[in-house]
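# Notes for the structure review
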Amino acid sequence: MHSNRLLVLTLLLAGATCLFAQEKTAVAPVPVKAPLPPSADFTWGGDLRLRYEAYDGVHTLNGDAPFHIRDYFRFRPRVWANYNIQPDLVVYGRLAAEPRYWLDNSTVASEGKEWKYALVDNLYVKWNTPPSGDIPVTVVVGRQDIQLGDQWLVSDGTPIDGSWTNFFDAARVTLNVKEIKTTFDVIGLNEQAHPKDNFPMLGRPATYTVTDQDEDGVILYATNKSLKDTQLDGYLIYKKDQKVSSAGNNGEVYTTGLRVLGTPTPKWLYAAEVAYQSGHRDLQVRVPAVITGSRDVSAYGANSRVTYSFKDAYNNQLTVLAEYLSGDDPSTTSKDEMFDNLWGRTPRIGETWAVAYTTESGGRISQYQNLFRVGGTWNISPIKDSSLALT
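Residues numbered from 1 in each chain as written. Predicted model: local features only at pLDDT ≥ 70, side-chain atom pairs only at ≥ 80, totals over all residues. Heavy atoms only, no water.

The next thing to look at is the packing of aromatic side chains. Going through the model one piece at a time under the given rule, you end up with 13 aromatic pairs. Relative to Trp-164, the ring of Tyr-117 lies with its centre 5.3 Å away and its plane at 45°, an arrangement referred to as tilted. Linking Tyr-117 in the loop between β5 (112-114) and β6 (118-128) with Trp-164 in the loop between β7 (137-144) and β8 (168-177), this pair joins segments that are 47 residues apart in sequence. Taken together, the ring pairs connect Tyr-52, Phe-73 and Phe-75 into an aromatic cluster. Between Arg-143 and the ring centre of Phe-167, over which it is positioned, the NZ or CZ distance is 4.0 Å. (Phe/Tyr/Trp six-rings, centres within 6.5 Å; stacked < 30°, edge-to-face > 60°. Helix = DSSP H or I, 4+ residues; strand = E, 2+ residues; numbered from the N terminus. Lys NZ or Arg CZ within 6 Å of the ring centre and 35° of its normal.)

Listed below in structure tokens is the structure:
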């Protein structure tokens, strides 16, 4: 009895629905709209880098020194997540760790497994105005990666951890002034030698420093593309250091610089950059350190490269480069002529040179200075999504 009533009720509702639809259609067709995309979009992923390093006497320049051999594996897992709250508002985070396994010990403490902690590698909020506007604005606040120009002076905020991370704790505002084909970047940053000072760490409570001093900085960077096939960059960088480790620095340095990048033909590319530094600091990179106290800074550097691309099936490229960084003149006691490569302390000359330079720079890794070099690189891509380089 109940099932019969239910069947009758169902048929009546179906008939009423069909009648309503027919009457509605007869009055005016209703267009079918595509479903709206969700207002929030969550994605996540990860990567794993496996690396093996072995060298003898590179960081000591003495084959008889204790622990002159370093022979170990590095494992760097990372996990990231991206959350689009709105089309113009994004939250991004990434965790990274790098345990190591030592085959030949660098120190007694690093025998066998070295379970380094995990840390927040990136965590920022990004907001931007519509790109169709006259002056689109992008704001990024939090722990983020920042690379400017050829990454000569701004690339890695954590040079001591050996390419495990390269983050900056910063606020960055980018304005794209379309009318004059120029973008302006204004960046304020605060780097702590101990990564746990600004964000919590995961795992073991022990910590390693990721830079030699606590650092505050302001970067003003402009990029203009109004000239055909040419890009002009200009910048002013302020950096204040407060010493933390024995290799740290106290002082303030102002850097002004210009960079030009051009492609006169589809196969040729050139880039040239010059910068001057002033300020004061007590950093002493000479061995032994014979001067104490703060000294005035007057230093300069230059960086350039020319690349020819064959545009062939293997994407062959040849590059010639030259770099100059002034060094401290031992005959001057009140002035420091060493050019500081700021947040550009990366192994761009080579992994072994980055380590070996610590003996020339007061224990500061990748602190290149008093340097003139000319070199070349040949790049080739024999297989899709892969490349080989000979330097």
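We are not done yet, so read on.
Turning to unusual backbone geometry, a few remarks are in order. Negative phi characterises most residues that are not glycine, and trans characterises most peptide bonds. Phi at Lys-311 takes a positive value of approximately 55°, unusual for a residue other than glycine. Relative to the elements of secondary structure, Lys-311 occurs in the loop between β15 (295-309) and β16 (317-325). On the accessibility criterion, Lys-311 (53% relative accessible area) is exposed. Positive phi is not limited to glycine here, since Asn-370 has a value of about 50°. Relative to the helices and strands, Asn-370 resides in the loop between α2 (351-356) and β18 (371-380). (Buried < 20%, exposed > 50% of the residue type's maximum accessible area, 1.4 Å probe, protein only.)

As defined by bridge partners, strand β14 (residues 268-281) adjoins β15 across 14 bridges and the pair is classed as antiparallel. In the strand pairing of β15, Tyr-270 is matched with Val-306. By the bridge criterion, two bridges tie β15 to strand β17 (residues 335-336) in an arrangement that is parallel. Note on β17: the bridge partner recorded for Asp-296 is Lys-335. (Pairing = 2+ DSSP bridges.)

Before going further, it helps to examine the pairing of strand β13 (residues 251-265). The pairing of strand β12 (residues 230-243) with β13 spans twelve bridges and is classified as antiparallel. Within β13, the residue paired with Leu-232 across the bridge is Val-260.

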